[in-house]
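A look at the structure
Here is what each chain is made of, one letter per residue.
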Amino acid sequence: MAAEDAGRPALLDMTPGEIAEAIAPLGQPAYRAAQVYSWLCRGVGFTGMTNLPLALRETLETSFRTGLAVIAERRDSRRDDTRKYLFALDDGERVEGVRMTYRHGHTLCISTQVGCRMGCAFCASTLGGRVRDLTAGEMLAQIIAANGDLGGQRIGNVVMMGSGEPLDNYAASIAFLRRVRLPEGLGIGLRSVSLSTCGLVPEMRALATEGLPVTLSVSLHAPDDETRRRIMPIARRYAIGEVVDAARHYVERTGRRVIFEYALIRDVNDRPEQASRLAGLLRGMQCHVNLITLSGVPETGLLAARRERAAEFERELVRRGVSVTRRRQMGSDIEGACGQLRRRSGGKE
Ligand code: SAH
């Protein structure tokens, strides 16, 4: 889009109510806002909003931008049904999304920030730091663009697990959650949405009080503070006990079980005694552990755990009564790990 457009407000960053207020001075009836919102959520720009009077479409075009995202690049896995996207935002920044297709439908992994400042040692997204936060509209725009690429089918599940730390962009992430479920928009129920965090304790506790029944995933990646501090700088701010307590609080407040993400890293966190310790830490909690195969990022020097070690780790958790799955590694041939595709493409256009 043209540079002069960048200063205009994006309609996708507004609720239907805010759009109604914004277009009221144009002398339009209130139902126009719902029409505009519904078109936007179907990925239609101003010229395609054919049930609006032409004059209104023209006024909208000069006063606002849509806030829709464009697919700048897509890549298909040869091994599975994974498709990776690079979405171009209005200021030329790009973020990644990954669509995974399962028997029960399509899941989209969306980004919440351009880059990330959490500094996890194994992650590609954080290598260049945080560039900026995404708006709620830019999070919705990723789903809308992916829907446009599905030829009539729709994204049914969303995971906030792409680049960025959603709880480090709290207000926009909450606004996104409140909007993604609106029936006049995308209509995706929050039981079909997961938010993944590296463990920002105050924000985890705040999220529990928002009345948003989203699934909380916590990236734990270690069973003790010492190991966790080696790979996750956030562990220097919050002790692992506080993170697990905040997760227990989330379960109590919401009745939703929490998912713990644990990427198995060779000779760092993959020993059987670390599995026992993890089981002890989570004892009695309504939770599930997702064991992830680390995607190697050359810059990090960290490697995925060996297959036998991973299997042994899983067996130990099962033996200790922990609900656990080893996540299938999808999209490993298309730089499916956070931030890898954006880095290779050089980031901003
Ligand atoms: N900041 C949030 C969400 C984005 S990261 C969080 O930390 O949860 C999404 C998930 O991908 C996290 O569990 C993260 O630890 C994991 N991840 C990052 N880099 C990875 C890699 N190279 N291999 C496997 N998982 C990775």
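Shown above is the structure to which this text applies.
Notes on the structure in this doc start here. Here, residues in each chain are numbered from 1, in the same order as that chain's written sequence. Only residues with pLDDT of at least 70 are given local features in this predicted model, and only at 80 or more are side-chain atom pairs given and counted; all residues enter the totals for whole chains, interfaces and linings. Side-chain measures were taken over the full set of non-hydrogen atoms in the model, leaving aside hydrogen atoms and water.

1. Topic: the packing of helix α9 (residues 272-281) against helix α10 (residues 307-319)
Interaxial angle, 0 to 180 degrees, is taken between N-to-C directions of lines fitted to C-alpha atoms, where a helix line uses only the stretch in contact. Every helix listed is a DSSP run of H or I at least four residues long, and every strand listed is a run of E at least two residues long, numbered separately from the N terminus. Relative to each other, α9 and α10 sit at 30°, their axes nearing to 9 Å. One finds that α9 runs roughly parallel with respect to α10. Considering only the axes of α9 and α10, their crossing is right-handed. For the pair α9 and α10, contact is made by Pro272, Gln274, Ala275, Ser276, Leu278 and Ala279 and by Arg309, Glu312, Phe313, Glu316 and Leu317, respectively. For this scheme, ten residues count as nonpolar: Ala, Val, Leu, Ile, Met, Phe, Trp, Tyr, Cys and Pro. Four count as charged, namely Asp, Glu, Lys and Arg, and the remainder, Gly too, count as polar. For the contact of α9 with α10, the residue count by class is six nonpolar, two polar and three charged. The scheme is simple: roughly parallel for angles under 35 degrees, roughly antiparallel for over 145, roughly perpendicular for 65 to 115, oblique for anything else. Left-handed describes a crossing in which the near helix is turned anticlockwise from the far one by less than a right angle; the clockwise case is right-handed. Residues are treated as being in contact if the distance between any of their heavy atoms lies within 4.5 Å.

2. A word on α10
Owing to its 3.6 residues per turn, the α-helix aligns residues three or four sequence positions apart on the same side. A helix is expected to reach a length of 1.5 Å times the quantity of its residues less one. Across its 13 residues, α10 extends 18 Å between first and last C-alpha, which sits within 8% of the 18 Å expected from 1.5 Å per residue. Looking at the buried positions of α10, the neighbouring elements they touch are β10 (258-264), α9, β11 (287-293) and β12 (324-326). One or two positions beyond α10, positive phi appears at Gly321, with a value near 80°.

3. Comments concerning the site of the ligand
What makes a residue near a molecule or strand is one non-hydrogen atom of that residue sitting within 4 Å of it. Taken together, 17 residues lie around the ligand, and Glu165, Ser196, Ser219, His221 and Ser295 are the ones closest in. The term polar contact refers here to a pair of N or O atoms within 3.5 Å; inside protein, the definition further demands a hydrogen-donor-capable atom paired with an acceptor-capable atom, and it admits residues adjacent in sequence only when both atoms are side-chain atoms. In this structure, Cys198 approaches the ligand through a main-chain N or O atom, which is 3.5 Å from an oxygen atom. Contact between the ligand and His221: an oxygen atom at 2.5 Å from a side-chain N or O atom of the residue. Per-residue and other accessible areas follow the Shrake-Rupley method at a 1.4 Å probe size, with only the shown protein chains counted as cover for residues. Relative to its unbound accessible surface of 530 Å², the ligand loses 93% to contact with the protein. Partitioning the shell around the ligand into residue classes produces eight nonpolar, seven polar and two charged.

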